[in-house]
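# Observations on chain architecture
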Amino acid sequence: MDNQNNNKPKHQDKVIALDNLSLGISIVAAIIIGFGIGYGLKQLTGYTWTLWLGIAWGIAAAIMNVYRAYKRAQKEFEGMENDPRYAYRAKHGDKSFDKDDDED
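As recorded in an unreviewed UniProt entry, the protein chain goes by the name ATPase_gene1 domain-containing protein, listed as coming from Arcobacter venerupis.

This is the structure we're talking about:
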């Protein structure tokens, strides 16, 4: 057990947190880059629709970033359903939110 903890990098939790933070930054950056490409194409061609094309590319890139982050998180937590601590919830669901706290 201690051997597994010794192999774990010292700042792994911080790296994971920064990776999750970078998702929000990458969404904004993708849309800004798409806008920049669209604006550049508009200046080159003179067509307004190329601006909207660039914005659409930026939004599509942002959606792809979210999808990739979702798949990465899904793969990380895939093994949790076999963990005895979480097996009951994986099989039967989480019933703790079904009860109403306002009942007297």
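### Thoughts on the environment of V28
Along the polypeptide, V28 turns up in helix α2 (residues 12–45). Considering only alpha carbons, one finds V28 and A62, 34 residues apart in sequence, at a separation of 7.6 Å.

### Things to note about helix α3 (residues 49–77)
For α3, which comprises 29 residues, the first-to-last C-alpha distance of 42 Å matches the rise-based estimate of 42 Å (1.5 Å per residue) to within 8%. Looking at α3, one finds that the buried residues are T50, L51, G54, I55, G58, A62 and A69.

### Brief notes about the confidence of the model for the protein chain
Per-residue pLDDT for the protein chain has a mean of 80; in total, 70% of the residues score no lower than 70. The least confident element of the protein chain, judged by mean pLDDT, is helix α1 (residues 2–7) at 54; the most confident is α3 at 91.

### A closer look at a nonpolar patch on the surface
Where nonpolar side chains cluster on the molecular surface, the patch consists of L18, L21 and I25 and spans about 320 Å² of accessible area. Relative to the helices and strands, I25 resides in helix α2. Here I25 falls in the exposed class, since its relative accessible area comes to 55%.

### Concerning the environment of G36
Here G36 shows up in helix α2. Remark: the alpha-carbon pair of G36 and G54, spanning 18 residues in sequence, is separated by 7.4 Å.

### Remarks on the packing of α2 against α3
Where α2 contacts α3, the axes come no closer than 6 Å and their chain directions differ by 160°. Between α2 and α3, the angle falls in the class roughly antiparallel. Note on packing geometry: the crossing formed by α2 with α3 is right-handed. Each residue belonging to the contact of α2 with α3 can be placed in one class, and the counts come to 16 nonpolar, 8 polar and 3 charged.

### Considerations on the side chain of T50
Within the fold, T50 resides in helix α3. Judged by relative accessible area, T50 falls into the buried class, the value being 5%. In contact with T50, not counting residues within four places along its chain, are G38, L41, K42 and T45.

### Some words on the environment of G54
For G54, the location among the structural elements is in helix α3. By relative accessible area, which is 0% here, G54 ends up buried. Taking the C-alpha atoms as reference points, G54 and I31, 23 residues apart in sequence, are found 8.6 Å from one another. Dropping the residues within four chain positions of it, G54 is found in contact with G34, F35 and G38.

### A short note on the UniProt feature "transmembrane region" (unreviewed entry) in the protein chain
Taking the UniProt record as the reference, the feature "transmembrane region" (unreviewed entry) is found at residues 21–41 and 47–67. Taken as a whole, residues 21–41 contains 100% helix and 0% strand, while its terminal C-alpha atoms sit 31 Å from one another. In residues 47–67, the share of helix is 90% and the share of strand is 0%. The end C-alpha atoms are 31 Å apart.

About the criteria used
- Residues numbered from 1 in each chain as written.
- Predicted model: local features only at pLDDT ≥ 70, side-chain atom pairs only at ≥ 80, totals over all residues.
- Heavy atoms only, no water.
- Helix = DSSP H or I, 4+ residues; strand = E, 2+ residues; numbered from the N terminus.
- Expected span 1.5 Å × (residues − 1).
- Buried < 20%, exposed > 50% of the residue type's maximum accessible area, 1.4 Å probe, protein only.
- pLDDT = per-residue confidence, 0-100.
- Patch = residues over 30% accessible without salt bridge, like charges linked within 9 Å, V, L, I, M, F, W, Y side chains within 5 Å.
- Areas by Shrake-Rupley, 256 points an atom, 1.4 Å probe, with all protein chains shown as cover.
- Salt bridge = Lys/Arg side-chain N within 4 Å of Asp/Glu carboxyl O.
- Axes fitted to C-alpha atoms, helices over the stretch in contact; angles between N-to-C directions.
- Parallel < 35°, antiparallel > 145°, perpendicular 65-115°, else oblique.
- Left-handed = near helix turned anticlockwise from the far one by under 90°.
- Nonpolar A, V, L, I, M, F, W, Y, C, P; charged D, E, K, R; others polar.
- Contact = heavy atoms within 4.5 Å.
- UniProt positions renumbered as here; feature names shortened; annotations may be inferred.

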